[in-house]
Amino acid sequence: MPGATNKRANRERLSHSKSHDGVARLPRKRFYRQRAHANPFSDHALEYPESPETMDWSAYYPAFVDPSNRDDATQIKAMRKDVEVVDIGCGFGGLLVALAPILSDKLLLGLEIRTSVTEFVQERIWALREQNKGKYDNAACIRANTMKFLPNFFRKAQLSKIFICFPDPHFKARKHKARIVSTTLNSEYAYALRPGGIVYTITDVEALHEWMVEHLNAHLSFERVPEEEVESDECVVAMRNETEEGKKVTRNNGQKFVALFRRKEDPPWE
């Protein structure tokens, strides 16, 4: 397809390019356009670790590599911090970029299944790191299918926050199995989240909001966060206003439905 070829050529030409004053350029979104959603059940060509212990994060967070510690058997460079905050289906990275300065003491990761969109976010973060030394070193993005491979990346109780922002509504009943909040997937979120960790959800589709609330409420590992706590959370402000979808909903005078769920302590073994 000529259009796709031209976009790839422009991406390659502008990749890691700099302006006349030597400052890294931000990528142009129009060269990275792709379908709004991807089928998570398709056989995507994805790379993923065999287990969290075999994942080498050093290329994504080079500023956080621990030079004094390396696994000589696997050549995996040890990190001074673990990934702790995940944005599932991060889109063009608006929330990642907004949260990086707010959660500057944590490593943030965007998970995105679409190839071109992932490339855009990676280039965006690279350019922002160049433009703002030390400010966005804690953010990164990888291409991944969360519905299939979340436990391959994260150990039990590793995460403190999971963001699910404006996911595909999958309106047809036969497509509900593809929704990113479900009985099965909620157990995976509960596995990766530490007690006290929070799942953040937002959508402009009321029926989907009710679905997510119903399924997370029904899970024994989660309890809904009170509204007054939701409104005082600075991450919620960013979630409402900084994602590309959130901005679109604002422009269209639409509603945004927000719900947060806290990971409960596991009951003691009898």
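Each chain carries its own residue numbering, running from 1 in the direction its sequence is written. In keeping with the predicted nature of the model, local features appear solely for residues at pLDDT of at least 70, side-chain atom pairs appear and are counted solely at 80 or more, and the whole-chain, interface and lining totals rest on all residues. Side-chain calculation: all heavy atoms of the structure are included, whereas hydrogens and water are not.

- The name recorded for the chain in an unreviewed UniProt entry is tRNA (guanine-N(7)-)-methyltransferase, from Moelleriella libera RCEF 2490.
- The chain has a UniProt comment under Pathway (unreviewed entry) that states "tRNA modification; N(7)-methylguanine-tRNA biosynthesis." UniProt positions are given in the numbering used here, feature names are shortened, and annotations may be inferred rather than shown by experiment.

1. Quick look at the overall build of the chain
- If you tally the helices and strands in the chain, you get nine helices and nine strands.
- When a residue's accessible area, from a 1.4 Å probe over protein chains only, is under 20% of the maximum for its type it is buried; when over 50% it is exposed; and in between it is partly exposed. Burial status across the chain gives 50% buried among its 270 residues.
- For the chain, the proportion of contacts with a sequence separation of at least 24, taken over those separated by at least 6, is 76%.
- Only the protein chains shown count as cover for residues, and all accessible areas are computed by the Shrake-Rupley method using a 1.4 Å probe. Accessible surface computed for the chain: about 14400 Å², of which carbon and sulfur atoms make up 49%. Only DSSP runs of H or I covering at least 4 residues are called helices, and only runs of E covering at least 2 are called strands; the numbering of each starts at the N terminus. Every residue pair with non-hydrogen atoms within 4.5 Å of one another is taken to be in contact.

2. A word on the UniProt feature "active site" (unreviewed entry) in the chain
- In the numbering used here, UniProt assigns the "active site" (unreviewed entry) feature to Asp-168.
- Note on placement: Asp-168 falls in the loop between strand S6 (159-165) and helix H5 (183-192).
- Within the structure, Asp-168 has its side chain in polar contact with the backbone nitrogen of His-170 (distance 3.1 Å). Whenever a nitrogen or oxygen atom comes within 3.5 Å of another N or O atom, the pair is scored as a polar contact, on the condition that within protein one atom can donate a hydrogen and the other can accept it, and that pairs from neighbouring residues in sequence are kept only if both atoms are in side chains.

3. Some words on the state of the cysteines
- Any pair of cysteine sulfurs within 2.5 Å is marked as a disulfide. Taken as a whole and assessed by the stated rule, the structure comprises zero disulfides.
- Looking at the unpaired Cys-141, the closest cysteine sulfur is the one in Cys-90, lying at 3.7 Å.

4. Things to note about the environment of Phe-257
- Tracing the chain through its elements places Phe-257 in strand S9 (residues 257-263).
- Overall, the relative accessible area of 13% leaves Phe-257 in the buried class.
- In this structure the C-alpha to C-alpha distance between Phe-257 and Thr-201, which are 56 residues apart in sequence, comes to 8.1 Å.
- Residues in contact with Phe-257, not counting those within four places in the same chain, are Thr-201, Ile-202, Thr-203, Asp-204, Val-205, Glu-206 and His-209.

5. Overview of helix H3 (residues 115-131)
- In this analysis, the expected span of each helix is defined as 1.5 Å times one less than the number of residues it contains. For H3, spanning 17 residues, the distance from its first C-alpha to its last is 25 Å, which sits close to the expected 24 Å at 1.5 Å a residue.
- Every buried residue of H3 is accounted for by Ser-116, Val-117, Thr-118, Phe-120, Val-121, Glu-123, Arg-124, Ile-125, Ala-127, Leu-128 and Arg-129.

6. Some details on unusual backbone geometry
- Look at Ala-157: it is not a glycine, yet its phi comes out positive at around 60 degrees.
- Mapped onto the fold, Ala-157 is located in the loop between helix H4 (146-153) and S6.
- With relative accessibility at 29%, the residue Ala-157 sits in the partly exposed group.
- Of note, the phi angle at His-170 is positive, near 45 degrees, even though the residue is not glycine.
- Along the polypeptide, His-170 turns up in the loop between S6 and H5.
- Here His-170 falls in the buried class, since its relative accessible area comes to 14%.

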